[in-house]
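Listed below, chain by chain, are the residues.
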Amino acid sequence: MACAFSLITQGVCSELSLVDVVEDKLEGEVLDLQHGLAFLKGVKISGSTDYRVTAGSKLCIITAGARQKIGESRLNLVQRNADIFKCIVPQLVKYSPNTCILVVSNPVDILTYITWKLSGLPSNRVFGSGTNLDTGRFRFLLGKKLNIYPTSCHGWIIGEHGDSSVPVWSTANVAGVPLSSLNPLAGREDDDQDHWYGIHKQVVESAYEVIRLKGYTSWAIGLSVSRLAASVMRNERSVFAVSTIVKNYHGIENEVFLSLPCILGSDGVDHVVKQNLNSTERQQLQKSATTLWDVQQGIDLGE
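Rules and cut-offs
Residues numbered from 1 in each chain as written. Predicted model: local features only at pLDDT ≥ 70, side-chain atom pairs only at ≥ 80, totals over all residues. Heavy atoms only, no water. Helix = DSSP H or I, 4+ residues; strand = E, 2+ residues; numbered from the N terminus. Expected span 1.5 Å × (residues − 1). Buried < 20%, exposed > 50% of the residue type's maximum accessible area, 1.4 Å probe, protein only. Arc of directions from axis to C-beta. Contact = heavy atoms within 4.5 Å.

**Student:** So what about helix H2 (residues 23-34)? Which residues, and what values?
**Tutor:** For H2, which comprises twelve residues, the first-to-last C-alpha distance of 16 Å matches the rise-based estimate of 16 Å (1.5 Å per residue) to within 8%. Residues Leu26, Val30 and Leu33 constitute the buried set of H2. Seen from one end, H2 has its buried residues packed into an arc of 65°, which puts them on one side. Within H2, the exposed residues directed more than 90 degrees away from the buried face are Asp24 and Asp32. Buried residues belonging to H2 abut helix H1 (2-9), strand S1 (15-19) and strand S2 (44-48).

Structure below.
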């Protein structure tokens, strides 16, 4: 619901339709949002257990799935959520054949791959929230260390949204001044005297910490998703780290979805920005791709 709340309060959409299998809870959520319409600008909110309510959608956002348990790796969720997606994706495409699909459920990279396979849509129209939030956390922590607001810190987390994500230290900068010029060893686990390396560790552990403290993550991912949706709905062509097919990028040969900086517009991923990664970052990204590829081999996409 954090995604829905962010979408309507930030004026991203003119119509929002919610679908859930739990009818009573869905009705309650829809009513709760509708009761706030007097404080919003021009948005229609509806909900149903029937996917017909989504007909003609420009963007479908999938947040459904089994919730991640305390201490559970995102990758352990794969088959449980894959089975759920077999019921969701074909219905979305049936009623909105020209839609783009944004996958938020975890493990997001593999579930984005599954969605692409189940949907039959072009790969550019299926993408995942990926490391967009990881990148936001990275910039927040960089800003906290430098005492600078996060939007003025420029750094990227790419690869898997999870334990094998890759911090691109080689291009992290503030106002074009690379962190490497302040500390050439920034981000290296064994030599970094200023402890920059610990920032990425905090990024990786952030979701687990929030889950430990409150049971689930919500507000930050809701804001992240709303921002991605806005770029699609408004054809902004803004650049975000989202999960897309990465075959033939940075030496990756397998058909996997990982996050790279992408230009997002009305047709989804318009272009992948190919960063100049150093050898360590490139190797880490390839390792991340191999990890996901190995997991994908065990997924059952049959009926």
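Having seen the structure, we can now continue with the description.
**Student:** Can you tell me about unusual backbone geometry, naming the residues and giving the values?
**Tutor:** Among all residues except glycine, the phi angle is most often negative; among peptide bonds, the trans geometry is most common. In this chain, asparagine 106 is followed by proline 107 through a cis amide linkage whose omega measures 0°. Along the chain, proline 107 falls in the loop between strand S4 (100-103) and helix H4 (108-119). One non-glycine residue, asparagine 147, lies in the positive phi region at around 60°. Checked against the element boundaries, asparagine 147 lands in the loop between helix H5 (132-146) and strand S6 (153-154). The exposure class assigned to asparagine 147 is exposed, which follows from its relative accessible area of 73%. Backbone geometry places alanine 175, a non-glycine residue, at a positive phi of 55°. With respect to the secondary-structure elements, alanine 175 resides in the loop between strand S9 (173-174) and strand S10 (177-178).

On their own, these measurements won't tell you what the molecule is for.
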